[in-house]
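In case you want the letters, here they are:
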Amino acid sequence: DTAVSQTPKYLVTQMGNDKSIKCEQNLGHDTMYWYKQDSKKFLKIMFSYNNKELIINETVPNRFSPKSPDKAHLNLHINSLELGDSAVYFCASSQDRTSGRSTDTQYFGPGTRLTVL
Amino acid sequence: AQSVSQHNHHVILSEAASLELGCNYSYGGTVNLFWYVQYPGQHLQLLLKYFSGDPLVKGIKGFEAEFIKSKFSFNLRKPSVQWSDTAEYFCAVNGRGFQKLVFGTGTRLLVSP
């Protein structure tokens, strides 16, 4: 009964390729997030969607494009992968029934370790 | 803009020692505060959180944290650590009305048996 799941868990690819990471939550939450954790373990938010609508878009290269087909899924597509994209990508979700509420805990997925060669 | 600083990057303790990890934040308004733990090879799990009310918050596995508003701090404590507490600990904050969660750089705790 995984609450927030991500696939794949590991992804090794060559520079220049295009890849996608999928995230699904079965908690009934309205808001989903993508975070990047670099080699020094620093975690930074990339995107947030509330009920399929983009609400947070940090300074992220436009090679990264999130897609939310429904509120239970938030996928991350990355074009033209670069060495610096190597990191662990975490998906998260929170209840937040209306955009702007912030008192709900975020629950994290297991992470996807992306290695770009 | 919100920011979080964790002063201890690496902490090494023996089992049964007491633990205190520092966390200070910078934000002009009301905040929500969190401590997450990441065990080796695993995802982030919530240890405890503060939204309002009693500034001394108790979490899972014997952890607690105290919100001191005047010091902009939310330090994590445990009276007696165990080997299984070896992990990375992250403090995080979001301002009321904002969903963006800002993390500190993390503290790596190593507990030797």
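Up top is the structure.
Reading guide: rules and limits
Residues numbered from 1 in each chain as written. Chains lettered and ligands numbered in written order. Predicted model: local features only at pLDDT ≥ 70, side-chain atom pairs only at ≥ 80, totals over all residues. Heavy atoms only, no water. Salt bridge = Lys/Arg side-chain N within 4 Å of Asp/Glu carboxyl O. Buried < 20%, exposed > 50% of the residue type's maximum accessible area, 1.4 Å probe, protein only. Contact = heavy atoms within 4.5 Å. Buried area = accessible area lost by both parts, 1.4 Å probe. Polar contact = N/O pair within 3.5 Å; in protein donor to acceptor, adjacent residues only side chain to side chain. Helix = DSSP H or I, 4+ residues; strand = E, 2+ residues; numbered from the N terminus. Nonpolar A, V, L, I, M, F, W, Y, C, P; charged D, E, K, R; others polar. 1 Å grid on protein atoms, 1.4 Å probe; cavity = no way out; pocket = protein on both sides within 12 Å on 5 of 7 lines; lining within 4 Å. Points joined across faces, edges and corners; volume = space filled by probe spheres on them. Phe/Tyr/Trp six-rings, centres within 6.5 Å; stacked < 30°, edge-to-face > 60°. Pairing = 2+ DSSP bridges. Axes fitted to C-alpha atoms, helices over the stretch in contact; angles between N-to-C directions.

Draft legend 1. A look at the pattern of salt bridges. All names here are of chain B. Applying the stated criterion to the full structure yields nine salt bridges over all chains. We note a salt bridge from Glu64 to Lys58, for which the minimum N-O separation is 2.8 Å. Looking at Lys58, the relative accessible area reads 63%, which means it is exposed. Residues participating in the shared-partner salt-bridge network are Lys58, Glu64, Glu66 and Arg77.

Draft legend 2. Looking closely at the interface of chain A and chain B. Of the residues lining the interface, 26 residues belong to chain A; the matching set on chain B comes to 23 residues. Summed over both sides, the interface of chain A with chain B buries roughly 1900 Å², with 55% coming from carbon and sulfur. Summed over the shared surface of chain A and chain B, the number is zero salt bridges. Taken together, the connections running from chain A to chain B amount to three residue pairs in polar contact (both at pLDDT 80 or more). Counting residues per element, the ones that place at least two in the side of chain A that touches chain B are strand 4 (31-37), strand 5 (43-50) and strand 6 (53-57) of chain A. Per-element tally for the side of chain A that touches chain B: the top contributor is strand 4 of chain A, with four residues. Residue composition of the side of chain A that touches chain B, by class: ten nonpolar, ten polar and six charged.

Draft legend 3. Spatial organisation of the layout of surface pockets. Residue and element names in this part refer to chain A. Computed from the structure, the largest pocket encloses a volume of approximately 330 Å³. Those elements giving two or more residues to the lining of the largest pocket turn out to be strand 9 (87-94) and strand 11 (112-116). Broken down by element, the residue count for the lining of the largest pocket peaks at four residues, all from strand 11. A breakdown of the residues in the lining of the largest pocket according to their chemical character gives seven nonpolar, nine polar and four charged.

Draft legend 4. Geometry of the packing of aromatic side chains. In the structure shown here, the tally under the stated rule is 15 aromatic pairs over all chains. Taking 6.2 Å as the distance between ring centres and 35° as the angle between the ring planes, the aromatic pair formed by Tyr33(A) and Tyr35(A) counts as tilted. Each member of the pair, Tyr33(A) as well as Tyr35(A), carries the same accessibility label: buried. Where Tyr25(B) meets Phe67(B), the ring centres are 6.4 Å apart and the plane angle is 35°; that geometry is what we call tilted. Of the two residues, Tyr25(B) sits in strand 4 (residues 24-26) while Phe67(B) sits in strand 8 (residues 64-68), which places them 42 residues apart along the sequence. What makes Tyr25(B) buried here is its relative accessible area of 7%. Under the relative-accessibility criterion, Phe67(B) is labelled buried at 11%. Each member of the aromatic cluster is reached from another via a ring pair, and the members are Tyr33(A), Tyr35(A), Phe90(A), Phe108(A), Phe34(B), Tyr36(B), Phe51(B), Phe90(B) and Phe103(B).

Draft legend 5. Molecular detail of the pairing of strand 11 of chain A. Residues and elements named next belong to chain A. The side-chain alternation of strand 11 yields one buried face, formed by Thr112, Leu114 and Val116, and one unburied face, formed by Arg113 and Thr115. Strand direction decides the pairing type here: strand 2 (residues 10-13) and strand 11, joined by four bridges, are parallel. What sits directly across from Thr13, in strand 11, is Val116. Where strand 9 meets strand 11, three bridges bridge the pair, whose relative direction is antiparallel. Directly across from Val88, in strand 11, lies its bridge partner Arg113.

Draft legend 6. Up close: the environment of Asp85(A). Residue and element names in this part refer to chain A. Following the sequence through the fold, Asp85 ends up in the loop between strand 8 (73-78) and strand 9. The exposure class assigned to Asp85 is buried, which follows from its relative accessible area of 4%. When the C-alpha positions of Asp85 and Ala72 are compared, they lie 25 Å apart, and in sequence the two are 13 residues distant. In this structure, Asp85 is in contact with Lys36, Arg63, Phe64, Ile78, Ser80, Leu114 and Val116, ignoring residues within four places of it in sequence.

Draft legend 7. Seen up close, the sheet that holds strand 8 of chain A. All names here are of chain A. The sheet built from four strands is open, its strands ordered 1-3-8-7 with antiparallel pairing. Lying at the two open borders of the sheet, with one neighbouring strand each, are strand 1 (4-7) and strand 7 (64-70). Each adjacent strand pair in this sheet contributes to an overall mean axis angle of 20°, direction not counted. One ladder, built from five bridges, connects strand 7 with strand 8; its direction is antiparallel. Looking across to strand 8, one finds that Asp70 is bridged to His73.

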